[in-house]
Amino acid sequence: MSEKMGFWKASCSVLLVCFFVGLCSLYQCSAAEADANQTENLIVNASSGRPIPETLFGIFFEEINHAGAGGIWAELVSNRGFEAGGQNTPSNIAPWSVIGDQSSLTVSTDRSSCFDRNKVALRMHVLCDSEGNNICPAGGVGIYNPGFWGMNIEQGKTYKVVIYVRSPGSINVSVSLTSSDGSQILATANIVDSDVSNWTKKEVLLEAKGTNPKSRLQLTTSRKGVIWFDQVSAMPLDTYKGHGFQKELIEMLEDIKPQFIRFPGGCFVEGEWLRNAFRWKESIGPWEERPGHFGDVWMYWTDDGLGYFEFLQLSEDLGARPIWVFNNGISHRDEVDTTTVSPFVQEAIDGLEFARGASDSKWGSVRAAMGHPEPFDLKYVAVGNEDCRKKNYRGNYLEFYDAIKRAYPDIKIISNCDGSSHSLDHPADYYDFHIYTSASHLFSMTHQFDHTPRSGPKAFVSEYAVTGKDAGTGSLLAALAEAGFLIGLEKNSDIVEMASYAPLFVNANDRRWNPDAIVFNSSMHYGTPSYWVQKFFRESSGATLLDARLQTNSSSLVASAITWTSSVDGETYLKIKVVNFGNRQVSLKVSVDGLGLNSLLSGSTKTVLTSSNVMDENSFTDPNKVAPDLSLLENADRDMNIMLSPYSLTSLELLTESNNIRMPQTNSSARPSI
């Protein structure tokens, strides 16, 4: 006030100017303050709803970032069959290395294996002995394998090692799990045999006496002679449901309740060149007989222990529907003409028989021999991946479509061509929709399918994510944009029947793509904020979508409401999800009409995903920096006020009194509430 008194000495004109400027400033300040405290309204009408497809949210697995080899597949040995260096010998045996010097042994490769589809074997000529002039060093000489950036060996756990071995003389080979430099022996056993003149399979069980996340497997001897090794495998006995998958990583998938698994790619299916594309027939049968292949898109070798059969088995173990993506005669750089694509078509038909055929059929019998006499529940296939713009795609697609529908009329076929903005020019049950973009753009796409025609094939959003600088290696900002997009898919689930984030996994030692949902190394793992978003939507598939309308002028808020019934307690819950994609706190008044809410506070919770910085990420050192915070919702009622933090995803879960929600009649022209 004392500063304003000085203005009385100024001229009248200056006074008036200052008065009006001050008045305007005061008005602007008051308006901004009012805006900051503005209460938004969300009205949920629970008297009617429509069912969300049971298939809505699932997962997409691609062999990228060593997600499978060195990831979810529990095989610890990298390049177990010595094939990664190619079919010509001598060849590179990396990451295998030699223990000893050239005066004590020589190591090479040749094509003497007993396996027809992978002929390369390792030949180890031991020059030293336990006695005589050239005595082997303490501990012997041999070879070791560090696995995929170190083997995680844990005390008390048992590991099964399988080796194929041949030698003209007797052998005494130590099989050991050691530290990365070999100084610490965690487990060891000896293979002693006087007659291995023919290829012989040997198995040992090693119980670890210590823990080391950077361990290696080594094969050593102090006996002079020549030994051939091939197909060396080491796996923990304790795997997910006993089927060879890393328990901790698959349990993270189990936690998000995926309704389908799309596999095995992605670009992995196409290959940079067709000669390096994934071929399902090369990935089945006994693991020792699988030739493996070099994935020339993501540029690494896979032994294909994780093959077509294993993907089908994983789908079954998770209670998820398998969606098989197969090559349609097109890679990134070459493509088969439609006039000569019939062998590829037959390969797809054979693949369906492998999955679904009777146990006495040609390919069904192969499945049965692998331990699964009953057919797998395969009902969805995708013809290629991102090939719509390729010259031969439509012609090739129609060949596959016609052949599959003749043989398996119930199979749902997914086209690579987007039908969200215009009708397809070919028949399909689903069309693929992929989107990788900035955070602001993806958030704005919450309305992407609002005006998509409801007739014709359904949408499958099989790949989506925020990428680029907004994403980092997995930011909160990216996750919130994805959450807003998913609310849009949820509200448009009368046309969008399936959706999956991509990519799913990344080995931190081989980041080919950023970001990813789950990050791991040999011994640790964590979910990125994008992974945690998936958990907010895990009850949506098969739930009932309610009419939820926001009364707001803000473009930074999106919301949805569902009711779902718990398989644990049989109770029905109302779940409201709201994304605040703005930088200010919002007071949200929630009103629920047409549904009784249980007064028990124990049945009502609030879960919030946010952080102090919108670019915050999780890490091995701080895996829960950005993670859901669960608390009791103490003011649960039909009318309640909720504070939404800036840049946050908030979920309210309220126990209801009844399940009496009126479902509408089917109406193909119905639109979601916005």
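Residues numbered from 1 in each chain as written. Predicted model: local features only at pLDDT ≥ 70, side-chain atom pairs only at ≥ 80, totals over all residues. Heavy atoms only, no water.

- By the naming in an unreviewed UniProt entry, the chain goes by non-reducing end alpha-L-arabinofuranosidase and is assigned to Salix udensis.
- Listed under Subcellular location (unreviewed entry) in UniProt, the entry text for the chain is "Secreted, Extracellular space, Extracellular matrix".
- Reading the Sequence similarities (unreviewed entry) entry of the UniProt record for the chain gives the comment "Belongs to the glycosyl hydrolase 51 family." (UniProt positions renumbered as here; feature names shortened; annotations may be inferred.)

1. Regarding the sheet that holds strand S21 (residues 458–466)
Right, on to step 1. In spatial order, the strands read S2-S14-S17-S18-S19-S20-S21-S22; together these eight strands make up an open sheet with parallel pairing. With one partner strand each, in any of the chains shown, strand S2 (59–60) and strand S22 (496–499) form the two edges of the open sheet. (Pairing = 2+ DSSP bridges. Helix = DSSP H or I, 4+ residues; strand = E, 2+ residues; numbered from the N terminus.)

2. Quick look at the nonpolar core
The nonpolar side chains of a soluble globular protein tend to be buried, and buried together.
Right, on to step 1. In this structure, Tyr308 and Phe505 are the most contacted members of the largest nonpolar core, which totals 114 residues.
Right, on to step 2. At eleven residues, the largest contribution of residues to this core is made by helix H10 (residues 476–491).
Right, on to step 3. For Tyr308, the residues in contact, after removing those within four places along its chain, are Phe263, Phe278, Trp280, Ser283, Ile284, Trp324, Gly351, Leu352, Phe354, Ala355 and Leu378. (Core = buried A, V, L, I, M, F, W, Y, C linked by side-chain atoms within 4.5 Å. Buried < 20%, exposed > 50% of the residue type's maximum accessible area, 1.4 Å probe, protein only. Contact = heavy atoms within 4.5 Å.)

3. What about the pattern of salt bridges?
Right, on to step 1. As enumerated under the stated definition, the model contains 31 salt bridges in all.
Right, on to step 2. The salt bridge partner of Arg50 is Asp494, with a shortest N-O separation of 3.7 Å. Placement of the pair is Arg50 in strand S1 (residues 39–51) and Asp494 in the loop between H10 and S22, with a sequence separation of 444 residues.
Right, on to step 3. Salt-bridge contacts for Asp510 lead to Arg512; the nearest nitrogen and oxygen are separated by 2.7 Å.
Right, on to step 4. Asp510 sits in the buried class, given a relative accessible area of 8%.
Right, on to step 5. A relative accessible area of 34% places Arg512 in the partly exposed class. (Salt bridge = Lys/Arg side-chain N within 4 Å of Asp/Glu carboxyl O.)

4. Focus: the sheet that holds strand S4 (residues 105–110)
Right, on to step 1. If you trace the five strands from one edge of the open sheet to the other, you get S4-S5-S13-S8-S11, paired in antiparallel fashion. The open sheet has two free edges, formed respectively by S4 and strand S11 (196–207), since each of these has just one partner strand. With strand direction ignored, the average angle separating the axes of adjacent strands in the sheet is 30 degrees. (Axes fitted to C-alpha atoms, helices over the stretch in contact; angles between N-to-C directions.)

5. Focus: the packing of H10 against helix H11 (residues 529–536)
Right, on to step 1. Where H10 meets H11, the closest approach of the two axes is 8 Å, and the angle between their N-to-C directions is 30 degrees. On the basis of their axis angle, the class for H10 and H11 is roughly parallel. The interaxial crossing formed by H10 with H11 has right-handed handedness. From H10, Leu476, Ala479, Glu482, Ala483 and Leu486 reach across to H11, where they touch Pro529, Ser530, Val533 and Gln534.
Right, on to step 2. Counted by class, the contact of H10 with H11 contains six nonpolar, two polar and one charged residues. (Parallel < 35°, antiparallel > 145°, perpendicular 65-115°, else oblique. Left-handed = near helix turned anticlockwise from the far one by under 90°. Nonpolar A, V, L, I, M, F, W, Y, C, P; charged D, E, K, R; others polar.)

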